[in-house]
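A closer look at the structure
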Amino acid sequence: MVKWGMQRLLGEFRRALAAPSRTPRTAVVIGRLLAIAFLLCFGTGVYSHYLQDPLPWMVFPTRPAGLYQLSQGIHITAGVLCFPLILAKLYAVFPALFQTPPVRSFPHFLERASIALFVASSLVQITIGLLNTYQWYALFPFPFRQTHYALSFVVIGSLAIHIAVKLPVVARYWRKEAEVSTGSTGSTGSIEPVEISGTNARGVTGRIFAWIDRTPAAPTRASRRAFFVTVAAASAVLVTTTAGQSFRVLDTVNIFGPRKNGIGPNDLPVNRTAAAAKVTETAIAPDWTLTVTSGDTVRVFSRSALAAMPQHTVELPIACVEGWSQMATWKGPRVRDLIEAAGGGATASIRARSLEQNSSYAVTEMGPEYVRDDLTLVALELNGAPLDIDHGYPARLIAPGRPGVLQTKWLSSLEVI
Ligand code: HEM
Ligand SMILES: Nc1nc2c(c(=O)[nH]1)N[C@H]1C(S)=C(S)[C@@H](COP(=O)(O)O)O[C@H]1N2
Ligand SMILES: [Mo]
């Protein structure tokens, strides 16, 4: 009795939720866009991961110099787009949450379990990602990068299962025509899940569950269009008001992006100040030197010795993993020249150390593709003036195609490894 009452209730609920925009076709249209956004996030995210934690054989492109600015800009922009798209998708398939019986068979159980995993992991993934761009790390008590990285495989894995299971529906509603050509009588104009009972050839009685097409009437088409317009408008507003942090063309309408171009010392935002990094005293110490080591050779450069070397001016962005980025003009000696001065060659990988202690930013490494690059500098100047202490005075690394997190500030040593 309880079971039948429950089923009827769920059935009623489902019917009450039926709406012209809640159709498999809507689910496929939004699902396609969502899949693109997720795959863009996954691809650019994995790229970002390996730039920071490369496998030994990996070599990265150094041109275009703004490649990471582009890839991480895409990551955050596609990531922001996931919010309206995932809400639209959940809206479209909401009645299916109340299908009865909730589990029909073991494969059906696996299907629903994979969807549950997918929805839950996606929501966590996009939420912690967004919080990270606003530097609200304190809101979650786990390491962001490791969690976000591990979850990305759960998200993409469960997405793959979900798509595989739904392939027949996806194929059927891939093209617009499919929707109207199979229509029948219907008054609601929606495509609804219905239960059909019957007896098969072997005399076994049972019920199946199917989505039934109904020809959309004109008001239905209008309300469906209104749904898509709403989703598109929400997406457009979110992107135009945040993507300016990564893409200069949208700078003037960058309202909600965590960072704004051009604001900060040397006309560039600061990610961590010298005070926060506790380097204020060591950085301005008059006896500061940069130590360059290659094997047994140790060369020590004062700031004036670095300034006396051939100086090069390059245009390179700071492109933070958190999504904001800005182009800037840097001036200083080439890293390659410094390494050669210590006897290192074109195949050298190096380790850079900061004056900053006990921080994950204190030590970085770079492969030979960056070390020998013309654009890789130990920068002494930024946008036509000496580096501000918050931008890494007396000297910092700047190299093409790398995430900001590897552009080490307040350098103290370079070492061939
Ligand atoms: C399906 C959605 C997403 C997937 C599959 C995904 C995947 C990834 C992956 C694999 C990484 C590299 C992690 C690492 O370095 O170990 C990453 C980094 C990052 N993601 Fe996502 N991401 C998604 C959504 C988002 C969203 C919505 C945002 C923010 C709006 C976001 C913000 C970030 C940030 C800030 C990083 C840099 C982390 C760091 O290196 O410190 N992600 N993402
Ligand atoms: N030593 C040190 N270097 C650092 C950081 C840091 O905290 N400490 N922050 C990094 C990060 S995350 C970014 S995005 C860039 C930002 O450079 P900026 O503060 O000069 O704009 O510096 C990088 N270099
Ligand atoms: Mo950063």
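All values reported here derive from a predicted model rather than from experimental measurement.

**Remarks on the coordination of the iron atom of ligand 1**
Surrounding the iron atom of ligand 1 are the protein donor atoms H75 (NE2) and H148 (NE2), which sit 2.0 Å from the metal. Its six donor atoms give the iron atom of ligand 1 angles of 84 to 179° at the centre, a pattern that matches the octahedral case. Of this pair, H75 sits in helix α3 (residues 67-93) while H148 sits in helix α5 (residues 144-172); the two residues are 73 residues apart in sequence, bridging distant segments of the chain. Assessed through its relative accessible area of 12%, H75 is described here as buried. Classification of H148 by relative accessible area gives buried; the value is 15%.

**Comments concerning the site of ligand 2**
As a matter of local geometry, ligand 2 sits amid 19 residues, with P269, E356, H391, R396 and K409 nearest to it. In the environment of ligand 2, an oxygen atom lies 2.6 Å from a nitrogen or oxygen atom belonging to the backbone of P269. Note that an oxygen atom of ligand 2 is positioned 2.6 Å from one of the side-chain N or O atoms of R396. Partitioning the shell around ligand 2 into residue classes produces nine nonpolar, six polar and four charged.

**Overview of the sheet that holds strand β8 (residues 363-366)**
Two pairing modes exist for strands in a sheet, parallel and antiparallel, and in both the strands are linked by backbone hydrogen bonds. The five strands are arranged β4-β3-β13-β7-β8 in an open sheet whose pairing can be described as mixed. Looking at strand neighbours, the two that pair on one side only are β4 (297-301) and β8, the edges of this open sheet. Neighbour-to-neighbour, the strand axes of this sheet turn through a mean angle of 15°, independent of strand direction.

**Quick look at the confidence of the model for the protein chain**
When the pLDDT values of the protein chain are averaged, the result is 89; 89% of them are 70 or greater. Below a pLDDT of 50 lies the segment residues 180-191, which in the model reaches 33 contacts outside its immediate sequence neighbourhood of four places, other chains included.

**A short note on the packing of aromatic side chains**
Under the criterion given, the structure shown has ten aromatic pairs. Relative to F227, the ring of Y91 lies with its centre 5.3 Å away and its plane at 25°, an arrangement referred to as stacked. On the criterion of sequence distance, the pair formed by Y91 in helix α3 and F227 in helix α7 (residues 218-242) is long-range, its members being 136 residues apart. Relative accessible area serves as the criterion here: at 33%, Y91 is assigned to the partly exposed category. With relative accessibility at 12%, the residue F227 sits in the buried group. Taken together, the ring pairs connect F13, F94 and F98 into an aromatic cluster.

Rules and cut-offs
Residues numbered from 1 in each chain as written. Chains lettered and ligands numbered in written order. Predicted model: local features only at pLDDT ≥ 70, side-chain atom pairs only at ≥ 80, totals over all residues. Heavy atoms only, no water. Donors = N, O, S within 2.8 Å, 3.2 Å for Na, K, Ca; no water. Tetrahedral: all angles 85-135°; square planar, octahedral: opposite > 155°, others 65-115°. Helix = DSSP H or I, 4+ residues; strand = E, 2+ residues; numbered from the N terminus. Buried < 20%, exposed > 50% of the residue type's maximum accessible area, 1.4 Å probe, protein only. Near = heavy atom within 4 Å. Polar contact = N/O pair within 3.5 Å; in protein donor to acceptor, adjacent residues only side chain to side chain. Nonpolar A, V, L, I, M, F, W, Y, C, P; charged D, E, K, R; others polar. Pairing = 2+ DSSP bridges. Axes fitted to C-alpha atoms, helices over the stretch in contact; angles between N-to-C directions. pLDDT = per-residue confidence, 0-100. Contact = heavy atoms within 4.5 Å. Phe/Tyr/Trp six-rings, centres within 6.5 Å; stacked < 30°, edge-to-face > 60°.

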